[in-house]
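# Structural characterization, general
Residues per chain, in single letters:
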Amino acid sequence: MDQIGSDILMDSDYDEKQLTPEADTVALISPDERDSMDTDTPAELALPLATDHDAIFNRFMPAFPEYETEAEATFTWDITNWRTLPKRTHSPVFHCAGHPWRILFFPFGNAANESVSFYLEQGYGDEKPPEDWYACAQFMLVLHNPNDPAIYIHHEASHRFTAEEGDWGFTRFADKNRIFAAKYDGADRPLVENDMARVTAYVRVLKDPTGVLWHNFVNYDSKKETGMVGLRNQGATCYLNSLLQSLYLTGAFRKAVYQIPTSTAEERANSSSAYALQRLFYRLQADPQAISTQELTHSFGWESRQIFEQQDVQELSRILMEKLEARMKGTEAENALPNMFVGKMKTYLRCINVDYESSRIEDFWDLQLNVSGCKSLDESFRNYVEVETLEGENKYMAEGYGLQDAKKGVIFESFPQVLHLQLKRFEYDFQRDAMMKVNDRYEFPDVWDASPYLDDTADKSEPYIYHLHGVLVHSGDLNAGHYYAFLKPEKNGEFYRFDDDRVTRAAKREAIDDNFGGDYATNGANGLQKGQNPYTRQWSTKRSNNAYMLVYVRESRLDQIMPPSDQVQPPEHLPITIAEERAAAEKRRKDKEEAHLYMPVLVATEASYKAFQGVDLIPWTASTDDGEPAAPKTFRLLRSWTVADLTAFLAKEYSLEKELIRPWIMVNRQNGTVRPDHPLLWDDMTLQEAADKFSTRTGGFRIFVEETTRSADGTPLWPSEEVPVPSSPVTNGAVAQQQHKPIIIFLKHFDVEKQVLEGVGHIYMNPSEKAQDIAPHILDLMGWEVGVNVELYEEIKQTYIERMKPRNTLVASEIQDGDIVVFQRHLSDSEATEIKEKRPTACLDAPAYYDYLINRVFVTFTPKFAPVQNLEIKEEGGEKFTVALSKKDGYDALAVKAAEELSKRATQPIEASHLRFTTVNVQTGKPRSLVKRQQGTTVQSVLFGSTGGYTYAPAQAPDQLYYEVLEMSLTDLEQRKNVRVVWLSEGIQKDTVVEMAMPKNSTFEDVLITLAKRVGLDEDVLPEVRFWEAHGGKVYKVLGRGQSVVALNEYMTVYAERMTEDERQSEGAGEESKEEIRLVNCFHFEKEPSKSHGVPFLFVLKDGETFKDTRERLSKRTGIKGKNMEKVMFAIVKGGQNYSRPVWVEDGDILSDKMAQEDHLGLEHPNRQRSNWARYESLNIR
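Below or above, wherever it landed, is the structure these notes cover. (Residues numbered from 1 in each chain as written. Predicted model: local features only at pLDDT ≥ 70, side-chain atom pairs only at ≥ 80, totals over all residues. Heavy atoms only, no water.)

Attention now goes to helix α21 (residues 846-854). Listing the buried residues of α21 in full gives Ala846, Tyr849, Tyr850, Tyr852 and Leu853. Here the buried residues of α21 occupy an arc of 155° about the axis, which is enough to place them on one side. Looking at where α21 begins, the residue whose side-chain oxygen comes 2.9 Å from the main-chain nitrogen of Ala848 is Asp845. (Buried < 20%, exposed > 50% of the residue type's maximum accessible area, 1.4 Å probe, protein only. Helix = DSSP H or I, 4+ residues; strand = E, 2+ residues; numbered from the N terminus. Arc of directions from axis to C-beta. Polar contact = N/O pair within 3.5 Å; in protein donor to acceptor, adjacent residues only side chain to side chain.)

It is generally the case that most residues other than glycine have a negative phi and that most peptide bonds are trans. With an omega of -5°, the peptide bond running from Ala866 to Pro867 counts as cis. Summarising the element assignment, Pro867 is placed in the loop between β40 (856-863) and β41 (881-886). Look at Trp214: it is not a glycine, yet its phi comes out positive at around 55°. Mapped onto the elements of the fold, Trp214 is located in the loop between β9 (197-206) and α3 (222-226). Even without a glycine there, the phi angle at Asn219 is positive, about 60°. Its location among the elements puts Asn219 in the loop between β9 and α3.

Core analysis: the biggest nonpolar cluster contains 59 residues, and Phe253, Leu277, Phe281 and Leu324 have the highest contact counts within it. Residue contributions to this core peak at eight residues, all from helix α7 (residues 272-286). Excluding anything up to four places from it in sequence, Leu277 contacts Leu244, Phe253, Val257, Leu296 and Leu324. (Core = buried A, V, L, I, M, F, W, Y, C linked by side-chain atoms within 4.5 Å. Contact = heavy atoms within 4.5 Å.)

The subject of this paragraph is the pairing of strand β45 (residues 976-986). Sheet analysis places β45 next to strand β46 (residues 990-999), joined by 10 bridges and oriented antiparallel. Counterpart to Leu984 in the pairing with β46 is Asp991. Once β45 ends, the chain turns through three residues before running back antiparallel as β46, passing Gly987 with a positive phi of about 65°. (Pairing = 2+ DSSP bridges.)

In this section: the packing of aromatic side chains. Aromatic ring pairs: the centre-centre distance and the angle between the two ring planes describe each pair. Considering all chains together, one arrives at 60 aromatic pairs under this definition. With a centroid separation of 5.1 Å and 90° between ring planes, the pair formed by Phe444 and Phe516 is classed as edge-to-face. Of this pair, Phe444 sits in the loop between β21 (434-437) and β22 (447-449) while Phe516 sits in the loop between α13 (508-511) and β27 (531-532), and the two are 72 residues apart along the sequence. Judged by its relative accessible area of 3%, Phe444 is buried. (Phe/Tyr/Trp six-rings, centres within 6.5 Å; stacked < 30°, edge-to-face > 60°.)

Right, here's the structure in full:
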C-alpha cells in the first residue's frame, strides 16, 4: 500500500491488520506521533486555519502531478458529547465522485486505548457495494477545536477502497491525553473542549486509467482484466519472461515460429526448442492463467544453474534467433527472421585527398548503444556513427596511394523492420575495478526517425520512421535486480506491463518517462528525493529502474509486423495435442482422487514365463517400457471387484477362454524368490479381501494366470482336489503340502548350444512321485525322442541351483507349488569338447550358466577412433555393439566375446588377439586408460575397480568400453612403442591425430615414413617435415630425425608439420642470409601466460623487421585474420615461464632486438575451444 504525501507513514514492520472483535474489518494504520500542527515548514509560512478548507487542501494535500483528479469534496462533522458516544460511531454520509463516504470514529480508540481512531469508510453501510466496486482516494482528516480553528491536528493517506477493504485511516490518530489536556501544544485551551470537536474530511478521488492504481493484487486475474496472461518465474528467469513476451507480441515472429514443421515425432525431436516455443506461444493465447517456462528451458538443455542465475538478455536473444533460424531453413518460414530483424551497416576507411575507399558491409541483428556520456537515443546514434580522422603518425596505408589522411567510421545501409536496441546499462568502472550499472538519465522517444544515420547512398524510398513497441526494464543493480517489460500488444494500442505472472495496463508515462533513469524529482527545500532499491534495500538519489532494451517497429511495416491476432493461427496439430494432454492431465487428477477405490494388479502369464531368460519366474520389477517382453502387465482395478470379475477381465484382455484360466497368488518366499502359492478359487472373494489375506504387502498384489486345455468331452482339465481357504495370510510360501494334492512345477530348459535359459511351461506332479518321473513330461514338451538323457536341477533361489537326485521323491526333494526345475541334455565328452572349440566361453552346465547370469553385465563397445581402422562393417552403425559379459570373465574371455560379436558385423573375421580396449571416463565420456592384458585382470576389475578397502565412486563407466582393431596382435604391440603425432596439414588451423605402433628401436626417420603413408605425403615433401615436442600448450624442443622413440615422454605432445615458406626460402638462401633469420617459440594464452591454449608453433623471426610487418606474417601463419587479428595482443614472455610478466609488443617494436634466445612470443586472445566444463558455464540453447 503506497501512502503518498504524508509525514505520518506507518512503520513498515507494523501489523496493519490487527483487529479487535468490535472493529470488524477496519484497517489499522498508526501515524507518526509527531504529525500535528508542528509540520516541517519554513517559519515564515503561517499555518492556515482549519476552517480555510482551500488553504488546508493546497497546503497539506497537494494533488499528485502524475494522476488526474476525478472529483474533490470536503465534509465537516461536529462531534458532541464525546465521552458518551458509542465505542464505534459513524458520521453522516457524504458523496464524492458519485461514491458515498462517511467518517468512522472510535472515541476511545480501536485496539489502542491510549489513542483515538479515525478512518474514512465507503458509505454503502449495510448495502453491498456494486460488483467490482472500487475508488482510488487521496484523503485527509483534520480534527480541530470548533471555537479556535488554529488548534488542530491532521493526517493524510491514500488508498484503493474496495468492497473487501472499505475503510482506511489512522488507529493512533491522536493521543487522548494530548487532545484533552488543558493546553494543547502551547495553546491556551484544549483541542477537545467541553466534549466537543469538529472533524473535516478532505477527499480527492483519482482517475485510474490502468485499473491497478494502489492495487494490492490479491485475487488479481490478468486474463480477466487485460485478456493476456503472464509467465511464471522459475527462480531468476524474469529476463527470459520479458524477452519471450516481447517476441510473442511481435505477431510476425509468432507467425514464423508457428510455421516451423512440428507435426511428426521426428520433426519435434529435431526441433525440440522450436516446438516448446510454439507450445508456449499457443498457451499464452489460450490459457486462463500464467504459464510456466519449464518446458521451454528444459528443451534448451538448461539445468538449475541457468535457472537461478540472471543471464544477459542480448546474448539469449541472439542465441535463440540463431537456433530458430537454423530450424526454419527449408521451411515456409525460411528467411522470416533475417527479413524481420537484420539490418546492414558499413564500416569504411575513406581517404580525404585521393579517391580511395575501403569498406565492408555487415549484417546486424541488434545494436548495442552507449548510455554513459549520452543523454538520448539520438546522441547514442551520433556517437555510434562518429567519424575518426586518421592523420599524422596514424595515417592510413591506401593500396596504390601510400600513407594518406583518411576518415574511419560506421554508417548504416539499412535498418530492420523490427529494431532491437540494447542499452549498455552495465559497464566496467576502472576506479572501482568492477562492473557497475549506469543509472544516468537516458531519453528515448515514442516515435523515432532513423534516416539521419543512413548512408547517403542508402535506399530511402520507404521512410525509416519507427514506433516504440517495447521497453524492457531492469530494476536493481548488477548483483540483485529484476526484469519486466512494457509492451504494446496492438500496433496503435496502449502499453501493458508484463511482470512475470502478472499483466497490467500501464500509462504511457510509466512505460517511457519513468524508465529514463536519472535522478528522482526534487523535493522542495530538501533537494533531491531518495528512493530505495527494492532488491538491495539501499537508498539512492538515482532511479534504479530504467530501460535496458528497446524494441522499435518500422511505421510502414506495422501492419505486417503487428497483424491482428486472428491472422496468426497456430499449426492445426498444436491445439489438438495440448487438448489431449489436458484431458490426460485431468484424467490423472481424477484417477488420483479416486485412487483409494482402485488397486494396482501385476499380472504374469504363460507367455511371460516362456519369454523370460533369467532367474525366477519372471522379472516382477521390470517394465514393458524398458523393452522387456517378460515384464508383468500392470492393471488398475477396482478393489470391490470379485475373483470372478478378475478372471473375466483377464480372459478378455488376453483373448483366452474364461473356463481355461485361473489366477494364482504370488508370494515372497524367505529366500528372496517370488513364486505361485495357491490358486484363487473363491469367485465371490473381492480383490481387496484377497490382497489382505494372501498377498505380500511389500510386493503388491501379483497374479500368475495359469492356462489349461479341454478334455475329450470338452471339460477343462484342472486338478480335481479342492483347496480350503488358508486360515491366515501366506507371506513366505512355506505352507506344508498335502500329500494327496498335485503340485504345480515350472520347467526351464538350458540350451547349451545356444547358451539360453528359457521357460518351457508347467506340469502337475504327485508329491510321492520321483524326480526321474519328470523326464517323460520334458520329452513330451520338447518333442525329443525317448531315450534322451537329461540332467535335472532345482532353482532354489537366484544365486543357488542344486542338482536333483533322480530316485528321490518330490517330497524328499522338498518340492512344492511354484518350484522351478531346470533341465538340459546330458553332454558326452566329445560334445562338450566340440562346443568349447566353437565357443570357448560357453557354459557347459546349468550351474555354470546361473553363475554367469548372477555376474552378467551388458557392456557397450564403441570405436575409439572414427573412422575405425582395420575394420570394414557390413551395415552403417554396426561398429557400435553391446555384449553380455560375466564379471568373472578374464581379459581373454572379454576379447573373445567382443571379437565374436564384431565378426558378425564385419566383412572379415576379427581376431580376439587384435583387439585393444580402453575404459571410458564416467563424467566426460572420453577415453580414460588402456586395459592391460595381465594375470588377474577381470571384467570386475576393469569396469568396477578393485573390491575391498575403502570404496569410492569409480572414475570409469561401468557399462562402456572403447575398442581398437590393431594391425598386429596385442602381444606383438607390447613389444612396440606407441607414438602419437598431431599432424598439422594447413598451418595450425587443421590437425589430425595419428597413432603409430613403432618398434622400440625406431627413430623419427622411421616415424616420418609411417606418417607419410598414413596422411598421404609426397616423397619430395619429406625432407621439409619437422617434428617438435610441446607441453602445457608451449613448444618444448624440436626433435631431430635421429631421435629415438623410446625416449619420448608420454605426457608430451608431438607435433609434425611441413616447414613454412619463410623457412624453405631460408634453407635455399646463402649463409649470410641465414644468419639474419631464426626460429622463435610461440604460444596462445588467455589473460595470463599460465592459461595457455591452442596449438603452439615455431615462427621465423626476421632481423630488423618492425612488428607491424611481423603481424602480417603471423596472421598468415596462424590463419587469424581481419577483426579477429585486431583483437589479438602480443607479448614477449621471458623464458616462456608461466608466471613471467608479459612485455607487450607495439607495432613499431623490432622483435629481433627485444627477444632473447630462450624467450617465447605469446598471443593473448580468448580461448574459443574451451573444455566441456567451460562451455557448461556459458549460456546455451541445445
